[in-house]
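Now for the letters of each chain:
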Amino acid sequence: MTGLFSYPKRKLRKLIGQGEYEKAISFGNELEAKFSKDPDFLFIMGSMYYMLNDEEKTLHYINRVLEINPYDVETLSLKLRVHQYLAEKEDNEELKQNELDVVIDCCRKILDVAPDNFEVRDLITELES
């Protein structure tokens, strides 16, 4: 449990919360070797890049979290939102469908863990119709 509250991750969250993104990125990069297998750290980094609208880096970090824990609902929800956004801005129908397939896969995994998530249930119903 102490891993969740280690000082470096608290400092990283604080920098992000204060909007000090350049410092947070630099600090996060310094921490990455030590915390490269820590899903909490990886999620924090992915979330920061999500706030900065950097889909590629967001997916880099959240996919690493999902390698460790493939059914992490928060991470799946973030991945779902990124791919939903990418699908919305995609002009190529084939690529758009690929993004939507990822969204549907994320929805299914979330519902495996949290079957009472009605927002996700409504979204998958809409996408599959």
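All values derive from a computational prediction rather than experimental measurement.

## Here's the deal with the nonpolar core
In terms of nonpolar packing, the biggest core is built from 15 residues, with Leu12, Ile16, Ala24, Phe41, Met45 and Met48 touching the most fellow members. Within the residue set of this core, elements represented by two or more residues are helix H1 (7-17), helix H2 (21-31), helix H3 (39-51) and helix H4 (55-68). Looking at which element gives the most residues to this core, the answer is H3, with six residues. Every residue in contact with Ala24, bar those within four places of it in the chain, is listed here: Leu12, Leu15, Ile16 and Met48. If you look at the next biggest cluster of nonpolar residues, it comprises twelve residues, including Leu76, Ile110, Leu111 and Leu123.

## Regarding the pattern of salt bridges
As enumerated under the stated definition, the model contains seven salt bridges in all. Here Glu128 ties to Arg108 by a salt bridge, and the two come within 2.5 Å at their closest N and O atoms. With Glu128 in helix H7 (residues 118-128) and Arg108 in helix H6 (residues 93-113), this pair connects stretches of sequence that are 20 residues apart. Here Glu128 falls in the partly exposed class, since its relative accessible area comes to 45%. Three or more residues joined by partner-sharing salt bridges are found here, namely Lys9, Arg13, Asp38 and Asp40.

## What to know about the confidence of the model for the chain
Predicted confidence across the chain gives a mean pLDDT of 93, with 95% of residues reaching 70 or more. For the chain, per-element mean pLDDT is lowest for H1, which scores 93, and highest for H4, which scores 98.

## Examining the environment of Glu90
Its place among the elements puts Glu90 in the loop between helix H5 (73-89) and H6. When its relative accessible area of 25% is taken as the criterion, Glu90 is described as partly exposed. A distance of 3.1 Å separates a polar side-chain atom of Glu90 from the backbone nitrogen of Asn92.

## Let's talk about H7
Every buried residue of H7 is listed here: Val120, Leu123 and Ile124. What you see down the axis of H7 is that its buried residues fit within an arc of 95°, all on one side. Residues of H7 that are exposed and angled more than 90 degrees away from the buried face: Phe118, Asp122 and Glu126. The inward-facing, buried residues of H7 contact H5 and H6.

## So, the packing of aromatic side chains
Evaluation of the coordinates by the stated rule reveals two aromatic pairs. A centroid spacing of 5.8 Å and a plane angle of 5° characterise the contact between Tyr49 and Tyr61, whose relative ring orientation is stacked. Of this pair, Tyr49 sits in helix H3 while Tyr61 sits in helix H4; the two residues are twelve residues apart in sequence, bridging distant segments of the chain. Considered together, Tyr49 and Tyr61 belong to a single accessibility category, that of buried residues. Its guanidinium or amino end placed over the ring of Phe27, Lys11 lies 4.6 Å from that ring's centre, counting from NZ or CZ.

Each value, and the rule that gives it
- Here the residue index of a chain counts from 1 through its sequence in written order.
- Confidence filtering applies because this is a predicted model: local features only for residues at pLDDT of at least 70, side-chain atom pairs given and counted only at 80 or more, and all residues used for totals across whole chains, interfaces and linings.
- Heavy atoms from the whole structure form the basis of all side-chain values; hydrogens and water molecules are not counted.
- For our purposes a nonpolar core is just a set of buried Ala, Val, Leu, Ile, Met, Phe, Trp, Tyr and Cys residues, chained together by side-chain atoms within 4.5 Å.
- The rule is simple: take the accessible area with a 1.4 Å probe, protein chains only, and divide by the maximum for that residue type; under 20% is buried, over 50% is exposed, in between is partly exposed.
- By definition, any uninterrupted DSSP run of H or I lasting at least four residues is a helix, any uninterrupted run of E lasting at least two residues is a strand, and each is numbered from the N terminus.
- Note on contacts: a residue pair is in contact if any heavy atoms of the two residues lie within 4.5 Å.
- The term salt bridge refers to a side-chain nitrogen of Lys or Arg lying within 4 Å of a carboxyl oxygen of Asp or Glu.
- Every residue is assigned a pLDDT by the predictor, reflecting its confidence on a scale from 0 to 100.
- What qualifies as a polar contact is a pair of N or O atoms within 3.5 Å, subject to a donor-acceptor requirement within protein and to the restriction that residues adjacent in sequence count only when both atoms come from side chains.
- Relevant arc is that of directions from the helix axis to the C-beta atoms, nothing else.
- Centres within 6.5 Å make a pair out of two Phe, Tyr or Trp rings, where for Trp the six-membered ring is used; the pair is then stacked when the planes are under 30 degrees apart, edge-to-face when over 60, and tilted otherwise.
- Charge-over-ring placement is defined geometrically: NZ (Lys) or CZ (Arg) within 6 Å of the ring centre, and within 35 degrees of the ring normal.

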